[in-house]
Amino acid sequence: MTVGRRMHELVERLYPLCRSITGDGVRETLAVLGEALDLDVHEVPTGTQVLDWTVPQEWNVRDAYVADATGNRLIDFQALNLHLVGYSVPVRGWMSFEELRPHLHTLPEQPDLVPYRTSYYSPTWGFCLSENALQALPAGPYEVVIDSSLTDGHLTYAEHVVRGQVSDEVIITCHVCHPSLANDNLAGIAVAVELAARLNNPWYTYRFIFAPGTIGAITWLARNFASIERVKHGVVLACAGDQGPLTYKKSRRGDAEIDQVVQHVLETSGRPHSIVGFSPYGYDERQYCSPGFNLGVGSLTRTPYAGYPEYHTSGDNPDFVSPDAMTDTLETLWEVVGVLDRNRTYVNQSPYGEPQLGRRGLYESLGGRSDTKQAQLAMLWVLNLSDGEHSLLDVARKSGLPFPTIADAARALHDAGLVKE
Ligand code: ZN
């Protein structure tokens, strides 16, 4: 099976689960991811103070529907979990159309689609349905049942850590709080799972964080406050499977190493893409890049947050994401990891005139390469720019040579004692 197909199957498998910012849907999702990855699952009790927030009550749903007098379900949570407003309080009773109507949500401009709505922090209830279904509702009375519970419980999140040669960390984060929505963010989760599985003895330690949006990221930050310095780079991964070109949103710093690396990978890919500046809106980069933390964390998406008509609707289903697009996102991230892990800054130990490379066997060492000329040129560039001010990525950019060629040249020079970190 291709990696794209495997990611798409994971999206399809996770799609029906009723995730929210807390509850069993998140646990079931993490249990599925746990089949592929070693996960540390954390349960944080309701009422725990996390930065300026408090972990809310845990929400779970057994059933929810609006039925006619004969018991025929007109709106059914079992058919599509988007039909129930997230965090709806329990309801049971009979209502007229007038009583029910204020609790119904539609998208009149997109009459075939069911919207995705939540109300985490103000207790209410509601149902979402297509505008067409609303227009076709038979007259009441209606039986309205929401068999949900809001109780003191836990917020659940998970981490998967790939130990590197150094304890400095790269975080890759995905939100896991959306119910049946595929691009936002099951595709991101699927890409992260494959990326994690590929990493083998990397330079950095890679920490994958699967947490609910906002409150989950804030909880993670609160619990890792004391050791946040170890996080050197990061990517918030979302909307990873639609047909649009890749979009990278820079960290708040704007020139963090991760910003330079992703920009370089996208620019040298020769494919359409866009790079946008930071804004305090979107996904969990809002938390990681809040001014107190100001981490070097950017956000990689295809079409960005709220940028496509299917966003937060039933149109964002597994058909909306493709194996090819997810594969493209994965390969791009893989390339980013390859550059990030090998990017170093060296100092030339023989800076007065060019060192004699032939004497050190460095020309011969290139003999077998098909790109000998380019590799020689790369050595000259590395030697010239290794003044402690230029990283290998800077050398690649200034020379126009591929980063892997520059990194190979630097390794050879390092092994010959001509450059030092
Ligand atoms: Zn969303």
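These numbers were taken from a predicted model, which means no experiment stands behind them.

## Re the pattern of salt bridges
- What the rule picks out here adds up to 18 salt bridges.
- One salt bridge connects Arg 27 with Glu 43, and the closest N-O pair in it is separated by 2.8 Å. Remark: Glu 43 occurs in strand S1 (residues 40–45) and Arg 27 occurs in helix H2 (residues 24–36); sequence separation between them is 16 residues.
- Given the relative accessible area of 23%, Arg 27 is considered partly exposed.

## A short note on the domain arrangement of the protein
- The domains assigned to the protein are domain 1 (3–56 + 154–341), domain 2 (58–151) and domain 3 (344–420).
- The gap between the C-alpha centroids of domain 2 and domain 3 is 64 Å.

## Some details on the coordination of the zinc ion
- At 2.0 to 2.1 Å from the zinc ion lie its protein donor atoms, namely His 178 (NE2), Asp 184 (OD) and His 312 (NE2).
- On the basis of relative accessibility, which here comes to 9%, the residue His 178 falls in the buried class.
- According to the relative accessible area criterion, Asp 184 is buried, its value standing at 0%.

## Remarks on the sheet that holds strand S16 (residues 297–301)
- Spatially, the 8 strands line up as an open sheet ordered S1-S10-S12-S11-S13-S16-S14-S15, and their pairing is mixed. Either end of the sheet is taken by a strand with one partner, and the two such strands are S1 and strand S15 (273–276). Taken pair by pair, the neighbouring strands of this sheet meet at an average axis angle of 20°, ignoring direction.
- Strand direction decides the pairing type here: S1 and strand S10 (residues 154–162), joined by 6 bridges, are antiparallel. In the sheet register, Pro 45 faces S10, and the bridge partner there is His 154.
- Together, strand S11 (169–175), strand S12 (205–211), strand S13 (231–237), strand S14 (246–249) and S16 form the strand contacts of helix H9 (residues 323–342), whose direction differs from that of S13 by roughly 170°.

## Concerning the environment of Phe 97
- Looking at the secondary structure, you find Phe 97 in helix H3 (residues 97–100).
- Along the sequence, Phe 97 and Gly 140 sit 43 residues apart, while their C-alpha atoms lie 5.6 Å from each other.

## Structural notes on the packing of aromatic side chains
- Counted by the stated rule, this structure contains 12 aromatic pairs.
- Ring geometry for Tyr 120 versus Tyr 121: centroids 6.1 Å apart, planes at 75°, classification edge-to-face.
- Tyr 120 gets classed as partly exposed once you look at its relative accessible area, which sits at 22%.
- Judged by relative accessible area, Tyr 121 falls into the partly exposed class, the value being 46%.

## A short note on the state of the cysteines
- Under the criterion given, the structure shown has 0 disulfides.
- Free of any disulfide, Cys 128 has its nearest cysteine sulfur in Cys 18, 12 Å distant.
- In this structure Cys 239 is not part of a disulfide, and its nearest cysteine sulfur, from Cys 174, lies 11 Å away.

## What about the environment of Leu 104?
- In this structure, Leu 104 sits in strand S7 (residues 104–105).
- Remark: the alpha-carbon pair of Leu 104 and Gly 86, spanning 18 residues in sequence, is separated by 13 Å.

## Thoughts on a nonpolar patch on the surface
- There is a patch of nonpolar side chains on the surface, built from Tyr 363, Leu 377 and Leu 380 and spanning about 230 Å² of accessible area.
- Residue position: Tyr 363 is located in the loop between strand S17 (345–348) and helix H10 (372–385).

## Describing helix H1 (residues 3–14)
- Compared with an ideal rise of 1.5 Å per residue, which puts 12 residues at 16 Å, H1 spans 17 Å between its outermost C-alpha atoms and is within 8% of the ideal.
- Those residues of H1 lying buried are Val 3, Gly 4, Met 7, His 8, Leu 10, Val 11 and Leu 14. Relative to the axis of H1, the buried residues are bounded by an arc of 155° and lie together on one face.

## A short note on the side chain of Asn 185
- Mapped onto the elements, Asn 185 comes out in helix H5 (residues 182–198).
- In this structure the side chain of Asn 185 is engaged in a polar contact, spanning 3.4 Å, whose partner is the backbone oxygen of His 175.
- Of note is the side chain of Asn 185, whose polar atom sits 3.1 Å from the backbone oxygen of Leu 237.
- Not counting the four nearest positions on each side in its chain, Asn 185 is found in contact with Cys 174, His 175, Leu 237, Ala 238 and Cys 239.

## Observations concerning the packing of H5 against H9
- Viewed as axis vectors pointing N to C, H5 and H9 meet at an angle of 45°, and their least axial separation amounts to 10 Å. One element, H5, and the other, H9, form an angle in the oblique class. Crossing of H5 against H9: the hand is right-handed. Contacts between H5 and H9 involve Ala 187, Ala 190, Val 191, Glu 194, Leu 195 and Arg 198 from the first element and Met 326, Thr 329, Leu 330, Glu 331, Leu 333, Trp 334 and Val 337 from the second.
- Considering only residue class, the contact of H5 with H9 consists of 9 nonpolar, 1 polar and 3 charged.

## Details of the environment of Thr 214
- Mapped onto the elements of the fold, Thr 214 is located in the loop between S12 and helix H6 (215–223).
- Beyond its immediate chain neighbours, meaning those up to four positions away, Thr 214 contacts Trp 53, Asp 284 and Gln 287.

Each value, and the rule that gives it
Residues numbered from 1 in each chain as written. Predicted model: local features only at pLDDT ≥ 70, side-chain atom pairs only at ≥ 80, totals over all residues. Heavy atoms only, no water. Salt bridge = Lys/Arg side-chain N within 4 Å of Asp/Glu carboxyl O. Helix = DSSP H or I, 4+ residues; strand = E, 2+ residues; numbered from the N terminus. Buried < 20%, exposed > 50% of the residue type's maximum accessible area, 1.4 Å probe, protein only. Domains from an automatic or database assignment. Donors = N, O, S within 2.8 Å, 3.2 Å for Na, K, Ca; no water. Pairing = 2+ DSSP bridges. Axes fitted to C-alpha atoms, helices over the stretch in contact; angles between N-to-C directions. Contact = heavy atoms within 4.5 Å. Phe/Tyr/Trp six-rings, centres within 6.5 Å; stacked < 30°, edge-to-face > 60°. Disulfide = S-S within 2.5 Å. Patch = residues over 30% accessible without salt bridge, like charges linked within 9 Å, V, L, I, M, F, W, Y side chains within 5 Å. Areas by Shrake-Rupley, 256 points an atom, 1.4 Å probe, with all protein chains shown as cover. Expected span 1.5 Å × (residues − 1). Arc of directions from axis to C-beta. Polar contact = N/O pair within 3.5 Å; in protein donor to acceptor, adjacent residues only side chain to side chain. Parallel < 35°, antiparallel > 145°, perpendicular 65-115°, else oblique. Left-handed = near helix turned anticlockwise from the far one by under 90°. Nonpolar A, V, L, I, M, F, W, Y, C, P; charged D, E, K, R; others polar.

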